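Commentary on secondary and tertiary structure
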Amino acid sequence: MTRFWRDGFYRTNQFGTTFWVDGHWVERDQWDRDSFLENDIEYWRSTLEEMRVRNSTTAQFINPNAECPVCSQPVFFYQNKSGSRVFFDELGPPWPKHPCTSKSCDKGVNENISIKPSFRSENDIFTILRGAEIAFLYPDIAFEIKYGRKPWLVTSLAERFKSPTGVYFVLSSFENEVLKKILLFGKFLPGYLKHGAPVFYKREKIAFFDIDKLEQVELSVKRIRSAASFLDELILDRYSAQVD
């Protein structure tokens, strides 16, 4: 058995995501890469299971806020003020509902409040993304195999600005350990979509969940490639309305 200190370093996975690995002690019986990966996989799998992530892509970013009493799997739970409820295995298209949930899942839930999942802390997300490359066994690929499509990018609504022709808004997503901004314009953005709400983005479309109606919504949007262009379009839109 050999034990040595390995300094922190940046690692880039096959998808181009770069993340920081803290310095740590390494113990090895064998010096081949397969042995090292096996130890890493076991460590991160245990860590992620404690964080209730398992094989869910969405759970990298959003806390599963319920547990199925039948299979004990963590699930995403929504309830509106009328008491209607729905459970998902993943959030975002294709919005797969958990197959074995029932009324017994939510005994004691207050009928007069809305319930929805919330984003994890930035520290939790960083920890999860750091370990996901190995222990998660490439969750995007697993998602595509299971549901026949790639997952949409998980983001949160950061800012919104009304204009005479629609709404300019900003989505935040964790990518390369930096909160990346996606600048968009849409003809309409419902008022119930508040700051910090989960929004899913893919190819100039956004998807989100209407908690009042308990149904998924998709809207077409226009992506604006730079902050300067975003501000220019917003200012020009408002100025044109004043002139008219």
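See the structure printed just above.
The structure presented is a predicted model; accordingly, all values stated were derived computationally and were not measured.

The omega angle of the peptide bond from Pro-93 to Pro-94 is 5 degrees, so this bond is cis rather than trans. A positive phi is found at Ser-72, a non-glycine position, where the angle reads about 65 degrees. In this fold, Ser-72 is placed in the loop between β5 (66–67) and β6 (74–79).

Another point: the sheet that holds β5. Strand order in the open sheet formed by 3 strands is β5-β6-β7, and the pairing between neighbours is antiparallel. With partners counted over all chains shown, the strands left at the sheet margins are β5 and β7 (85–88), one partner each. Two elements, β6 and β7, share 4 bridges in a ladder whose sense is antiparallel. Looking across to β7, one finds that Phe-76 is bridged to Phe-88.

This next bit is on the environment of Thr-58. Within the secondary structure, Thr-58 sits in the loop between α1 (33–50) and β5. With 85 residues separating them along the chain, Thr-58 and Phe-143 place their C-alpha atoms 9.9 Å apart.

This paragraph deals with the pattern of salt bridges. Here the structure, examined in full by the defined rule, presents 2 salt bridges. Where Glu-67 meets Arg-52, a salt bridge forms, and the shortest distance between an N and an O atom there is 3.6 Å. Within this pair, whereas Glu-67 is found in strand β5, its partner Arg-52 is found in the loop between α1 and β5, the two being separated by 15 residues in sequence. When its relative accessible area of 44% is taken as the criterion, Glu-67 is described as partly exposed. In this structure, Glu-233 engages Lys-222 in a salt bridge whose closest nitrogen and oxygen atoms are separated by 3.2 Å. Here Glu-233 is found in helix α4 (residues 227–243), whereas its partner Lys-222 is found in strand β14 (residues 222–224), with 11 residues between them in sequence. Glu-233 gets classed as partly exposed once you look at its relative accessible area, which sits at 26%.

Rules behind the numbers
- Throughout, a residue's number is its position along its own chain's written sequence, starting from 1.
- Two thresholds apply to this predicted model, a pLDDT of at least 70 for residue-level local features and 80 or more for giving and counting side-chain atom pairs, whereas whole-chain, interface and lining totals are computed over all residues.
- Only hydrogens and water are set aside; all other atoms, that is, all heavy atoms of the structure, feed into the side-chain values.
- Starting at the N terminus, helices and strands are each numbered in turn, a helix being any DSSP run of H or I of at least four residues and a strand any DSSP run of E of at least two.
- Strands were regarded as paired on the criterion that DSSP finds at least two bridges between them.
- For salt bridges, the criterion is a side-chain nitrogen of Lys or Arg within 4 Å of an Asp or Glu carboxyl oxygen.
- Categorising residues by exposure relies on relative accessible area from a 1.4 Å probe, with only protein chains included: less than 20% of the type maximum marks a residue as buried, more than 50% marks it as exposed, and the intermediate range marks it as partly exposed.

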